[in-house]
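# Analysis of the macromolecular model
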Amino acid sequence: MTTSSTAALPDTLRLGPVHLTVTDLDRSIRFYEESIGLRLARRSDAEAGLGAGGEDLLVLVEEPSARPAGSHAGLYHFALLHPSRLELARAAQRLIATRTPVTGASDHKISEAIYLPDPDGNGIELAADRSREHWGDLSDPTALGGPMPLDMVSLMAMVEGEEALPHVSADMRMGHVHLHVGDVEEALSFWRDRIGFEVMTRFPSAAFIAAGGYHHHLGLNTWRGEGVPPMPADAVGMRHWIVVLDSPAEVAAVRARLDAVEELPDGFLARDPWNNSVAVTSS
């Protein structure tokens with residue numbers, strides 16, 4: 001198994017906003033403001049940008065006729081990364097105060113996370129990283145082991161007696177994106193060999209890849225089944241996510257490794273074999 005290639009994204013990479021298709025913009029704005037704590041930055045008839053007070057973290061695009069996601073490739077979840085465990089506790093407190101259902105809560109050793117869907121079923125991870133000395137050897141999946149249940153007692157003790165805050169910390173950022181694909185090795189031939197991520201951790205049915213030694217900027221899995229079809233254009237889910245590089249020259253270096261792209265004013269958009277789309281741009 002090849003875990004690296006001559007292609008390499010720069011260590012200074014950061015993630016821009018995730019663009020999502022939703023069926024009811026008003027409903028989604030209300031959810032992301034009240035349950036998640038984001039701030040509405042801008043809105044038009046069919047599109048809204050939300051963030052933590054600076055750049056957008058999410059862009060929501062309304063398509064009322066979009067069908068629910070099914071047994072195909074596409075978004076598994078995107079991770080909103082809180083700057084500290086305390087801020088994750090405040091996120092949990094906000095979910096409790098708004099009576100927002102969750103689907104899980106895990107301790108991954110590298111991070112702690114709470115999982116939930118938005119009103120259209122788009123997967124969300126609310127996460128806080130542990131410091132790097134706790135990560136161990138990311139290349140050895142047996143060292144990580146499986147996820148443990150999140151210690152909600154100690155987490156919520158951090159905010160005992162506090163009122164739930166309406167908004168997330170201004171230091172929240174997009175942490176990673178996790179995708180369903182039809183074949184992990186074929187996916188790596190695109191995301192590793194063409195785009196330039198490095199494999200950090202590899203399991204039989206999943207790979208976690210990143211730039212700059214991070215635990216992962218992108219997860220890839222076949223948990224919906226080997227050989228699932230591409231994401232359809234008429235379904236809810238991720239329209240594209242954004243990788244932001246420092247300069248047009250860095251963007252051009254990635255573009256040179258790709259056969260077909262859609263040109264953008266400050267970069268390009270490319271699609272993997274399952275129609276999972278990424279925009280690579282310069283800041």
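Here goes a summary of the coordinates provided.

Calculation notes
Residues numbered from 1 in each chain as written. Predicted model: local features only at pLDDT ≥ 70, side-chain atom pairs only at ≥ 80, totals over all residues. Heavy atoms only, no water. Buried < 20%, exposed > 50% of the residue type's maximum accessible area, 1.4 Å probe, protein only. Helix = DSSP H or I, 4+ residues; strand = E, 2+ residues; numbered from the N terminus. Pairing = 2+ DSSP bridges. Contact = heavy atoms within 4.5 Å. Axes fitted to C-alpha atoms, helices over the stretch in contact; angles between N-to-C directions. Polar contact = N/O pair within 3.5 Å; in protein donor to acceptor, adjacent residues only side chain to side chain. Core = buried A, V, L, I, M, F, W, Y, C linked by side-chain atoms within 4.5 Å. Salt bridge = Lys/Arg side-chain N within 4 Å of Asp/Glu carboxyl O.

## Topic: the pairing of strand 15 (residues 237–245)
In terms of residue burial, strand 15 counts as a mostly covered element, since 8 of its 9 residues are buried. Where strand 1 (residues 14–15) and strand 15 come together, 2 bridges link them in antiparallel fashion. By the bridge assignment, Arg14 is partnered in strand 15 with Val244. As judged from the 3 bridges shared by strand 2 (residues 18–22) and strand 15, these two strands associate in the antiparallel manner. Among the inter-strand pairings, His19 is bridged to a residue of strand 15, identified as His240.

## Let's talk about the sheet that holds strand 14 (residues 218–221)
As a general point, the strands of a sheet are linked pairwise by backbone hydrogen bonds and lie either parallel or antiparallel. The strand order across the open sheet formed by 9 strands is 10-7-8-9-6-11-14-13-12, and the pairing between neighbours is mixed. Whereas interior strands pair on both sides, the edge strands pair on one side only; in this sheet they are strand 10 (148–149) and strand 12 (198–203). Note that strand 7 (residues 104–107) and strand 10 share 2 bridges and pair antiparallel. By the bridge assignment, Asp107 is partnered in strand 10 with Met148. Each of strand 6 (74–82), strand 8 (111–117) and strand 9 (123–129) touches helix 2 (residues 85–97); the most contacted strand, strand 8, lies at about 25° to it.

## Focus on the side chain of Asp107
By the secondary structure assignment, Asp107 is in strand 7. At a separation of 2.9 Å, a polar atom in the side chain of Asp107 contacts the main-chain amide nitrogen of Lys109. For Asp107, the contacting residues outside a window of four places in its chain are Glu112, Arg130, Pro147, Met148, Pro149 and Leu150.

## Topic: the nonpolar core
Judged by nonpolar contacts, the single largest core of 68 residues is most densely connected at Tyr32, Phe78, Leu126, Trp191, Phe197 and Trp241. Looking at this core, the element that brings in the most residues is helix 5 (residues 184–195), giving 6 residues. Residues within four places of Trp241 in sequence aside, it is in contact with Leu15, Pro17, Val18, Val177, Trp191, Phe197, His217, Leu218, Ser277, Val278 and Ala279.

## Focus: the pattern of salt bridges
Per the stated rule, a full pass over the model turns up 17 salt bridges. In this structure, Asp26 engages Arg43 in a salt bridge whose closest nitrogen and oxygen atoms are separated by 2.6 Å. Linking Asp26 in helix 1 (residues 25–36) with Arg43 in strand 3 (residues 39–43), this pair joins segments that are 17 residues apart in sequence. One salt bridge connects Asp107 with Arg130, and the closest N-O pair in it is separated by 2.6 Å. Of the two residues, Asp107 sits in strand 7 while Arg130 sits in the loop between strand 9 and helix 3 (141–144), which places them 23 residues apart along the sequence. Accessibility expressed as a relative area gives 15% for Asp107, which makes it buried. Linked through salt bridges whose partners overlap, the residues forming this network are Arg85, Asp107, Glu112 and Arg130.

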